[in-house]
Amino acid sequence: MTRAAAEIIREYGPFEGVEQVGGVTYDGRQVWIAAGGSIKGFDPANGDVKRSLDVPAHAGTAFDGKHLYQIAEARIQKVDPDSGEVVSTIPAPAGGGDSGLAWAEGSLWVGAYRDRKIHQINPDTGQILRSIPCTRFVTGVTWVDGELWHGTWEDDVSDIRRIDPDTGEVLDQLDMPAGTGVSGMESDGNETLYCGGGRSGKVRAIRRPKRSRG
Amino acid sequence: MDSLITAAAQALAAGDPLGALNRVALRDDPPALALRGIAMARLGDFVRAKALLRQAARAFGAKATMARARCAVAEAEIALAARDLTWPTKALAAARETLERHGDRTNAAYARSLEIRRLVLIGHLDEAERRLADLDPSPLLPAARTIYELIVAGLALRRLQTKAARSALERATHTARQARIPELHAEIERASAALSAPAARMIVRGGERLLQLDEVEALFRSDRLIVDACRLALRQGSHVVPMARRPVLFALARRLAERAPDDVSRGDLIAHAFRGKEADESHRARLRVEIGRLRQLISGMAAISATRDGFVLSPCRDRNVAVLAQPAEDEDAAVLACLADGEAWSSSGLAVALGASQRTVQRGLDALALSGKVQSFGRGRAQRWTCPVAPEFATALLLPAWSSLD
């Protein structure tokens, strides 16, 4: 396992009317954040909020190339990003104890915060396909280049980890500076990890270490 | 981060404790316990709320310092709302320091404002004013900020600083609009009404006139001798002789002032100061003693000379002495006047000060409490009474801002 301090490249926000940032996702153009009562999309080039969808948004957010997925209460909503309409909903696997959300390889990956698990589920039915054990409370989850990354936030301490998707073993760990947490997380498909900053209302861009890119 | 906790915290922030409970009622993890505790407090079940918050603080464990600190702040506020004297002052101070150290400025400022609200409640107004001056209110959320401004206004009103009170109320109106809590607007209106309502009745040479608060303020700044029955004191400019604990001397001073520059007969004075008794020789002797005491007390402000029938008061400077009385004087006016200094009184202390029976005083206090003019804290023999500085809502529960993440 390698361990290093997280390198913050850039900070966005706090955004107007956003008291806390939950889930974070990226659709190739905009970064979407779960802001409690809405999902907001901002331009990562300048941080300007371009869109706001009136959808309850309490935890993780994901994007499958066409639709947004958003956890609210104990369910996962499938949202049309153009109209802001909820197309369908499925039950969330941790029954409301759910945190991060990611879409990869035809599945949704859901962080179960206090259960310290990541569930792989069927995005149409919500059925749990398998569960990966983690060692700390899980927040944001993201896949990039075949790597599974997740955030942790427990007892005021936060870090970002790359884990073995089969065993849950921690392969890389990036420690967040004291006082900064990671709520939602999403990769831009390249070297950046966008991380929600919880109640700071900020989104931080963190550099994904080169050596883990294979 | 957990979806239902976020949803419950959001419901609480929106003033929906039942909605919050619906989401976490069946959960026993620490953040859920804390949110349940806060929701129960909002619903008025302080005993259950306290138990849940204690349980949450324990369950969070030693490392979750922020979460535990927020539990402590919530618990302190519940004690304040319950007027509980066994108040965790040290725990709150420690929690505030933790929050400050970890950069939770909102809740740290909130903890500070709770400490100030407690000082106001127990009548330590000077200390409260000092702490207010030290508190930077900018991190406070709008509702808490509104209450802060109401307290600033309340203290300014008590100090007769009408301009400062008015600007604090203007700021409160502004922040209350953001807070969207209708009760806050009602409180601000009530406090604003105090600025334009008659604050006192001025009696000079037998004539009467109602004064607004800013007129009272101007009167106090003049160098006229004032016998102030609203605050039980004699004052001239910056020289103030408190007389809350000298009911007989005050009654004599007031009667003499009301009639000045004419004299007042011995019989009249005895009837006023000694509770309507027929004047006999022993009363005349006592009157001479009490007049002597009063003379000494107000030397430099006014002289009292004997006349053929009685006594006459002549102020040293301005010839007109003014009496300030409550706009409408009922039997509770004296109780209110005692409490006007902002200090906390026991009912027995009030009875001694007013020369009335404790039962009479208690009856008066109960009536005044019903109309919200006085408030109490503590129970049994430890119960104390004060005049609320800021209206009642200023001690209502807002509770710390909670996020799902700690």
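Because the structure is a prediction, the values reported are computed rather than measured.

Quick notes on the rules
Residues numbered from 1 in each chain as written. Chains lettered and ligands numbered in written order. Predicted model: local features only at pLDDT ≥ 70, side-chain atom pairs only at ≥ 80, totals over all residues. Heavy atoms only, no water. Helix = DSSP H or I, 4+ residues; strand = E, 2+ residues; numbered from the N terminus. Buried < 20%, exposed > 50% of the residue type's maximum accessible area, 1.4 Å probe, protein only. Contact = heavy atoms within 4.5 Å. Areas by Shrake-Rupley, 256 points an atom, 1.4 Å probe, with all protein chains shown as cover. Lys, Arg positive; Asp, Glu negative; His and termini not counted. Charge placed at Lys NZ, Arg CZ, Asp CG, Glu CD. Axes fitted to C-alpha atoms, helices over the stretch in contact; angles between N-to-C directions. Parallel < 35°, antiparallel > 145°, perpendicular 65-115°, else oblique. Left-handed = near helix turned anticlockwise from the far one by under 90°. Pairing = 2+ DSSP bridges. Buried area = accessible area lost by both parts, 1.4 Å probe. Salt bridge = Lys/Arg side-chain N within 4 Å of Asp/Glu carboxyl O. Nonpolar A, V, L, I, M, F, W, Y, C, P; charged D, E, K, R; others polar. Polar contact = N/O pair within 3.5 Å; in protein donor to acceptor, adjacent residues only side chain to side chain.

Caption draft 1: Inspection of the overall build of chain B at higher detail. Helix and strand counts for chain B come out as 18 helices and eleven strands. Along the first, second and third principal axes, the C-alpha atoms of chain B reach 85 × 40 × 30 Å. Going through the 406 residues of chain B one by one, you find that 54% of them count as buried. If you take every contact in chain B between residues at least 6 apart in sequence, the share linking residues at least 24 apart comes to 57%. Of the roughly 18,100 Å² of accessible surface on chain B, 50% is carried by carbon and sulfur atoms. Where the 59 positive side-chain charges of chain B centre and where its 47 negative ones centre are 3 Å apart.

Caption draft 2: Looking closely at the overall build of chain A. Along its length, chain A carries zero helices and 21 strands. Summarising its shape, the C-alpha atoms of chain A cover approximately 45 × 40 × 30 Å along the three principal directions. A total of 214 residues make up chain A; the buried ones form 59% of that total. Sequence-distant contacts, at least 24 apart, represent 44% of the contacts inside chain A between residues at least 6 apart.

Caption draft 3: Spotlight on the packing of helix α13 (residues 247-259) of chain B against helix α14 (residues 266-273) of chain B. Residue and element names in this part refer to chain B. Their axes nearest at 9 Å, the elements α13 and α14 cross at an angle of 135°. In terms of orientation, α13 lies oblique with respect to α14. Crossing of α13 over α14 shows right-handed handedness. Of the residues in α14, those touching α13 at Val 248, Ala 251, Leu 252, Arg 255, Leu 256 and Arg 259 are Asp 268, Leu 269, His 272 and Ala 273.

Caption draft 4: View of the sheet that holds strand β4 (residues 31-34) of chain A. Residue and element names in this part refer to chain A. Pairing in this open sheet of four strands is antiparallel, and the strands run β3-β4-β5-β6 from one edge to the other. Each having just a single partner strand, β3 (24-26) and β6 (49-53) make up the two edges of the open sheet. Recorded for the sheet is a direction-independent mean angle of 20° between the axes of neighbouring strands. Inspection of the sheet shows strand β5 (residues 39-42) paired to β6 by four bridges, in the antiparallel sense. Following the sheet pairing, Gly 41 is matched in β6 by Arg 51.

Caption draft 5: How the structure looks around the interface of chain A and chain B. Every contact between the two is made by 26 residues of chain A and, on the other side, 26 residues of chain B. Together chain A and chain B conceal approximately 1,900 Å² of surface at their shared face, both sides included; 52% is due to carbon and sulfur atoms. Where chain A packs against chain B, one counts three salt bridges. Here Glu 73 of chain A makes a salt bridge to Arg 23 of chain B, at a shortest N to O gap of 2.7 Å. Of all the secondary structure elements, the ones that give two or more residues to the side of chain A that touches chain B are β8 (68-72), β11 (98-104) and β15 (138-144) of chain A. Grouping the amino acids of the side of chain A that touches chain B by side-chain chemistry returns eight nonpolar, twelve polar and six charged.

Caption draft 6: Just the side chain of Gln 173 of chain A, in detail. All names here are of chain A. Along the polypeptide, Gln 173 turns up in strand β18 (residues 170-175). Among the polar contacts listed, one links the side chain of Gln 173 to the side chain of Asp 159, at a separation of 3.1 Å. Not counting residues within four places of it along the chain, the set of residues in contact with Gln 173 comprises Met 1, Thr 2, Arg 3, Ala 4, Asp 159, Ile 160 and Arg 161.

Caption draft 7: Region of the structure containing the sheet that holds β18 of chain A. All names here are of chain A. Across the sheet, which stays open at both edges, the five strands sit in the order β1-β18-β17-β16-β15 with mixed pairing between neighbours. Both edges of this open sheet fall to β1 (2-5) and β15, since each of them pairs with a single strand only. Pairwise comparison of adjacent strand axes, ignoring direction, gives a mean angle of 20° for this sheet. Of the strand pairs in this sheet, strand β16 (residues 147-154) and strand β17 (residues 157-163) are connected by seven bridges, and their pairing is antiparallel. By the bridge assignment, Trp 149 is partnered in β17 with Arg 162.

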